[in-house]
Amino acid sequence: MTASKIRTAALDCAYLERGSPSGTPVVLVHGFPDDARTWDAVAASLAADGFRTIAPFVRGFGPTRLL
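In this text the structure is predicted, and so the values were computed from the model without any measurement.

K.L.:
Explanation requested: empty space enclosed by the protein in the structure shown.
P.N.:
Per the stated rule, a full pass over the model turns up one cavity of 30 Å³ or more. Empty space within the largest cavity amounts to approximately 50 Å³. Forming the walls of the largest cavity are Met1, Leu16, Glu17, Arg18, Ala36, Trp39, Asp40, Ala43, Thr53 and Ala55. Residue assignment for the lining of the largest cavity shows that the elements contributing at least two residues are strand E2 (11-18), helix H1 (40-48) and strand E4 (52-56). Considering only residue class, the lining of the largest cavity consists of six nonpolar, one polar and three charged.

K.L.:
How do you make sense of the pattern of salt bridges when you look at a structure like this?
P.N.:
The tally for this structure, following the rule as stated, stands at three salt bridges. A salt bridge links Arg52 to Glu17, with the shortest nitrogen-to-oxygen separation between them at 2.5 Å. Residue Arg52 is found in strand E4, and its partner Glu17 is found in strand E2; the two are separated by 35 residues along the sequence. The exposure class of Glu17 is buried, given its relative accessible area of 16%. Measuring nitrogen to oxygen at the nearest pair gives 2.7 Å for the salt bridge that ties Asp40 to Arg37.

K.L.:
What am I meant to see in the environment of Pro21 here?
P.N.:
Looking at the secondary structure, you find Pro21 in the loop between E2 and strand E3 (25-27). Separated by 30 residues in the primary sequence, Pro21 and Phe51 place their C-alpha atoms 8.6 Å from one another.

K.L.:
Please clarify how the pairing of E4 should be interpreted in this entry.
P.N.:
Regular strands have side chains that alternate between both faces of the sheet. Counting buried residues along E4, four of its five residues qualify, which places the element largely inside the surrounding structure. In the sheet, E2 pairs with E4 via four bridges, with the strands oriented antiparallel. By the bridge assignment, Leu16 is partnered in E4 with Ala55. With three bridges connecting them, E3 and E4 associate as parallel partners. Counted as the bridge partner of Pro25 is Arg52 from E4. Tracing the backbone out of E3, into H1 and back to the parallel element E4 gives a crossover that is right-handed.

Parameters and conventions
- Residues numbered from 1 in each chain as written.
- Predicted model: local features only at pLDDT ≥ 70, side-chain atom pairs only at ≥ 80, totals over all residues.
- Heavy atoms only, no water.
- 1 Å grid on protein atoms, 1.4 Å probe; cavity = no way out; pocket = protein on both sides within 12 Å on 5 of 7 lines; lining within 4 Å.
- Points joined across faces, edges and corners; volume = space filled by probe spheres on them.
- Helix = DSSP H or I, 4+ residues; strand = E, 2+ residues; numbered from the N terminus.
- Nonpolar A, V, L, I, M, F, W, Y, C, P; charged D, E, K, R; others polar.
- Salt bridge = Lys/Arg side-chain N within 4 Å of Asp/Glu carboxyl O.
- Buried < 20%, exposed > 50% of the residue type's maximum accessible area, 1.4 Å probe, protein only.
- Pairing = 2+ DSSP bridges.
- Right-handed = clockwise from strand over helix to strand, strands pointing away.

Structure (structure tokens):
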């Protein structure tokens, strides 16, 4: 698992990524009151099947911050 951030004009968005960069991407979005770690078991299973998972911390959760 890799923790990364991407910056937009208004937001530093943190996300967790698993699997091969060349795998088919799957975006896993959490709801309240969870965070991106909610998807750990699912992301591990999908990555083992060759998918690339991206699980962002939505605004207000984890290290994601408004600028």
